[in-house]
Amino acid sequence: MEEENEVELLQRYRRDRRILLNYLLSGSLIKKVVMPPGAVSLDDVDLDQVSVDFVLNSVKKGDMLELSDAIRDYHDSTGFPHINAGSGGEFFLATNPESSGSPPRRAPPVVPFVAPSPIMPDTSLPFEATEEDEPAMISKSQSNLGQVQDLTVDDIEDFEDDDDLEEINSLRYSRRTMSDTSDLVVGLPSFATGITDDDLRETAYEILLAAAGASGGLIVPSKEKKKEKKSRLLKKLGRSKSEQVTTQSQQSTGLTGLLEIMRIQMEISEAMDIRTRQGLLNGMTGKVGKRMDALLIPLELLSCVSRTEFSDKKAYIRWQKRQLNMLEEGLVNHPVVGFGESGRKASEMRILLARIEESESFAPSVGELQRIECLRSLREIAIPLAERPARGDLTGEVCHWADGYHLNVRLYEKLLLSIFDVLDEGKLTEEIEEILELLKSTWRILGITETIHHTCYAWVLFRQFVMTREHALLRHAIEQLNKVPLKEERGPQERMHLKSLFCKVENEEGSQELTFLQSFLLPIQKWADKQLADYHLHFSEALAMMENVVSISMSARRLLLEEHVSAMQHAPVTDRDKIESYVSSSIKSAFVRTLQDVETMSNATDEHPMALLGEETKKLLKKDATIFMPVLSQWHPQAVVVSASLLHKLYGSKLKPFLNSVEQLTEDVVLVFPAADSFEQYVMDLITSSCGEGEAEVSMKKLALYKIETISGTLVLRWVNSQLSRIMGWVERAIQQERWEPVSMQQRHGSSIVEVYRIVEETIDQFFALRIPMRSGEMNSLFRGIDNAFQVYAKHVVDNLASKEDIIPPVPILTRYRRESGIKAFVKKELTDPRLPDMRKSRDINVLRTPTLCVQLNTLYYGISHLNKLEDSIWERWTRKMKHGKYNKRSTDENLKKESFDGSRKDINAAIDRI
């Protein structure tokens, strides 16, 4: 009959579990996460295939109140006792379904149902959560070694067990979404025994209790009532991020209250806390005059904590395995001093550790006997190994595991992680000063010094900053790193101690030996280098953060330069060299992105790619000079020169093929040349303004100038010559078509001069419309060409005029008697012939009419009177072009000889006089 009631309860449990799932999935956020693509409502979702722990993971901190209410409503509605049993007819995913693929098609294996005893829970049930399950289930957010076992609805139902309450408390805090820190790993060798971060965290807490016990502050607390603990769980699950962590145990003051805060911060269950405290107190029995922090803690716990204190054999085996691994890692695996004659004992110790672990597979009576014997032998070997004096020991006493400093600093790192608020990991807890003071009590056990503390503390703060991006943590890390003394500032004992701390690690570059400082500072340096190598991308809107990242990079580098290891032999010599490497790398990356953007923009517009690239590169340099250089110039005053010179070189490499292919003035040239010259001018102005006169001159000489003015000058001269030839053609044509008739009654000049002025002004407008660099030589050529055109025009006007000699009759020849006239018979003919040709020539002369001559006079006067206006207009536009032109500020009029139309004036005045 009793068995039938249990079956009914199990069926009710299955039904109510589905009700709870539906309730949890009713929230819009969770529904959106869980519902597969194409599903319209929850009716389309197979809830039996939904991982409840996945649903819980989808709940953010602000939604925990809704979850706690759902759980409370679920308990109130069911009203039946919680059973630690799972259904053999149901199959639940234990991982994220999105990353695990589709659910299995085969049926799950049949799990026989065993009714639980009302006195002792059956340990064979698949979903039982006992007091020692938390090491495998609770994972600190910083862990990247241990595997996280997620909470299921079946676990939620196991609240009857006292320790499971604390398990859920810790799990509530450990569900955190952090930034990726896969490339930010301390440079220490991995543990051969497979120690996880959870193992380190729990052992660190045991060491903390031993250190506190040495001060007499170790008190075994009493268990609270189950009902109160359940209420506290729901209250914690439901509180918001802004609320304080308020537990009854935290209200205690002094060392007891601080240890309770540490227990919660380090996610340790109350059961483990009580067991460890009691074991340490038992370990001190009979050791009169010995301090608790002088105990070999794992060995004492193995001897003083019995199997009966665990309700689950698997939990006890896991706990024992952790203690054995700690002994092996701390005493055997990483010796610095070396074993010498005790090398044989180290081998024996490994055998004993294996036999202790093996004893759990024997019958209880045989296994316990073997375990006791092995522990006795282990004590005889382990104590001498632990009491080996380490080199450079500051206290003159023995520090347990002092040889295997890798284990020490990893344990201390776990202790330091307790300073962060469990509800907001970007903030420090309010009790940080008290916690840090308490952690000093562990220095003797772990062999920690001031230098080691500040280094580890800076590392922990920096890694947390990377995960949370909380700027205040980065500032704290810089403060700690600046407290690390340089080698000459350390005492002789500490220098000797730190010199003995080195390790060999395997990485992509092969085997590498690292000192203690390099193990912790090289990851910081590499991370900062990676970020600053492209500061345009990572710090475009976070200048204060960039400044602090540069600061911590330089601080780490200052300490690393003192370490004589091959890892730093290729490092830049000075801070300026390091900053130059950042600028060079980031500028190159930003320029590559600019090239990609220009390619996209040029496809969407008609602008030439090189013109766009010149404009975008100038914008990039402006951003670099105004935003980033003020930060970097704190370490390198001329960083802007490095940036400007490099961008000038990068753009020049893309511009050179275009310049080599240019042969005449085209639309592309008119677009590209101004942009290129404007960028080059900005580079030169930037260098000049950031350096002294002498330094600027040296930097200028290093620039491979584009010589835009020279190339464009040649192209403009070709264009000017072609335009002048066109003007001369217009002049010839206008003169040939001229009839010397007034344009109108008011304008009594010929139309040819108007046409000549029109074509000249069109050419001048086109000349000044060329937005490319020009020099005074091109302007002078244009002046001379126009002046020559007007001279030719004046010459053509007077070409049809008759000369005075042709119009005025010659003076008659005087006849005089000559003696020869009577002698030569042909003298008479010579005297009469000369007038005949003159008479024929006068008949061929085309004498212009007076009105025509008047029109010509007016035309020439029009030409010379407008010449002054044309000349003034040209010089005014040239001056304005040189003064306000964005493309050519280097050209000046100092060496410019002001050309004029003096030749035209002279020829036109002569033509007027001729008429």
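Only a predicted model underlies this, so the values are computations on that prediction, with no experimental measurement involved. (Residues numbered from 1 in each chain as written. Predicted model: local features only at pLDDT ≥ 70, side-chain atom pairs only at ≥ 80, totals over all residues. Heavy atoms only, no water.)

Enquirer: How should I be thinking about the overall build of the chain in this particular structure?
Expert: A tally of helices and strands in the chain yields 38 helices and 2 strands. Within the chain, the fraction of its 915 residues that count as buried is 50%. Partitioning the contacts of the chain with sequence separation of at least 6, the portion at a separation of at least 24 is 78%. Within the structure as shown, the chain displays about 45,300 Å² of accessible surface, and the carbon and sulfur contribution to it stands at 52%. (Helix = DSSP H or I, 4+ residues; strand = E, 2+ residues; numbered from the N terminus. Buried < 20%, exposed > 50% of the residue type's maximum accessible area, 1.4 Å probe, protein only. Contact = heavy atoms within 4.5 Å. Areas by Shrake-Rupley, 256 points an atom, 1.4 Å probe, with all protein chains shown as cover.)

Enquirer: Would you mind showing me how to read the pairing of strand β1 (residues 502-507) here?
Expert: The side chains of a regular strand alternate, first on one face of the sheet and then on the other. By the bridge criterion, 6 bridges tie β1 to strand β2 (residues 510-515) in an arrangement that is antiparallel. Note on β2: the bridge partner recorded for V505 is Q512. Counted along the chain from β1 to the antiparallel partner β2, the turn is 2 residues long. (Pairing = 2+ DSSP bridges.)

Enquirer: So what exactly am I meant to see when it comes to the packing of aromatic side chains here?
Expert: Centre-to-centre distance and the angle between the planes together describe a pair of aromatic rings. For the structure shown, the criterion picks out 19 aromatic pairs. Considering the side-chain rings of Y405 and F516, the 6.2 Å spacing of their centres and the 70° angle between planes classify their relative orientation as edge-to-face. Pair noted here: Y405 is in helix α17 (residues 405-416) and F516 is in helix α23 (residues 516-532), with a separation of 111 residues, a long-range link. Taken together through their ring pairs, the aromatic side chains of Y405, W459, F516 and F520 make up a single cluster. Over the ring of Y682 we find K622, and its NZ or CZ is 5.7 Å from the ring centre. Over the face of the ring belonging to W730 we find R758, whose NZ or CZ atom lies 5.1 Å from the ring centre. (Phe/Tyr/Trp six-rings, centres within 6.5 Å; stacked < 30°, edge-to-face > 60°. Lys NZ or Arg CZ within 6 Å of the ring centre and 35° of its normal.)

Enquirer: Teacher, can you tell me more about the packing of α23 against helix α25 (residues 543-560) here?
Expert: Relative placement of two packed helices is described by the angle separating their axes and the distance separating the axes. Between α23 and α25, whose axes approach to 9 Å, the crossing angle comes to 145°. As α23 runs across α25, the sense of the crossing is left-handed. Where α23 abuts α25, its residues L517, Q518, L521, L522, I524, Q525, W527, A528, D529 and L532 lie against M546, V549, V550, I552, S553, A556, R557, L559 and L560. (Axes fitted to C-alpha atoms, helices over the stretch in contact; angles between N-to-C directions. Left-handed = near helix turned anticlockwise from the far one by under 90°.)

Enquirer: I'm lost on unusual backbone geometry in this one. Help?
Expert: What you tend to see is this: most non-glycine residues have negative phi, and most peptide bonds are trans. Phi is positive for K707, close to 55°, though the residue is something other than glycine. Inspection of the secondary structure assignment puts K707 in the loop between α30 (693-702) and α31 (708-737). The exposure class of K707 is exposed, given its relative accessible area of 57%. Positive phi, close to 55°, is recorded for W740, a residue that is not glycine.

Enquirer: Would you mind showing me how to read the side chain of S781 here?
Expert: Mapped onto the fold, S781 is located in helix α33 (residues 776-799). Those residues in contact with S781 that sit more than four places away from it in its chain are L717, V720 and L724.

Enquirer: In this structure, what is going on with the confidence of the model for the chain? I would like to understand it.
Expert: Reading predicted coordinates in detail is not appropriate for stretches of low pLDDT. Taken residue by residue, the chain gives an average pLDDT of 75. The fraction at 70 or more is 67%. The low-confidence segment residues 80-106, where pLDDT is below 50, has 51 contacts with residues more than four positions distant or belonging to other chains. Scored below 50 in pLDDT, residues 225-251 shows 61 contacts in the model against residues more than four places distant or in partner chains. (pLDDT = per-residue confidence, 0-100.)

Enquirer: I'm lost on the packing of helix α28 (residues 639-661) against helix α29 (residues 667-690) in this one. Help?
Expert: Their axes nearest at 10 Å, the elements α28 and α29 cross at an angle of 160°. In terms of orientation, α28 and α29 fall into the roughly antiparallel class. Of the two elements, α28 crosses α29, and the hand of that crossing is left-handed. Residue-level inspection shows V640, V641, A644, S645, L647, H648, Y651, L655, F658 and L659 of α28 in contact with α29, the latter providing D668, V669, V672, F673, A676, F679, E680, V683, L686, I687 and S690. Of the residues that constitute the contact of α28 with α29, the class distribution is 16 nonpolar, 3 polar and 2 charged. (Parallel < 35°, antiparallel > 145°, perpendicular 65-115°, else oblique. Nonpolar A, V, L, I, M, F, W, Y, C, P; charged D, E, K, R; others polar.)

Enquirer: Explanation requested: the environment of M467 in the structure shown.
Expert: As for its position among the elements, M467 is in helix α20 (residues 450-468). Here M467 falls in the buried class, since its relative accessible area comes to 5%.

Enquirer: Before we go on, may I ask you to explain the side chain of S553 in this structure?
Expert: Looking at the secondary structure, you find S553 in helix α25. Judged by its relative accessible area of 0%, S553 falls in the buried class. Engagement of the side chain of S553 in a polar contact is seen with the side chain of Q525, the distance being 2.9 Å. (Polar contact = N/O pair within 3.5 Å; in protein donor to acceptor, adjacent residues only side chain to side chain.)

Enquirer: I tried to follow the environment of I708 on my own but got confused; where do I start?
Expert: In this structure, I708 sits in helix α31. When the C-alpha atoms of I708 and M774 are compared, they prove to be 9.2 Å apart, with 66 residues separating the residues in sequence.

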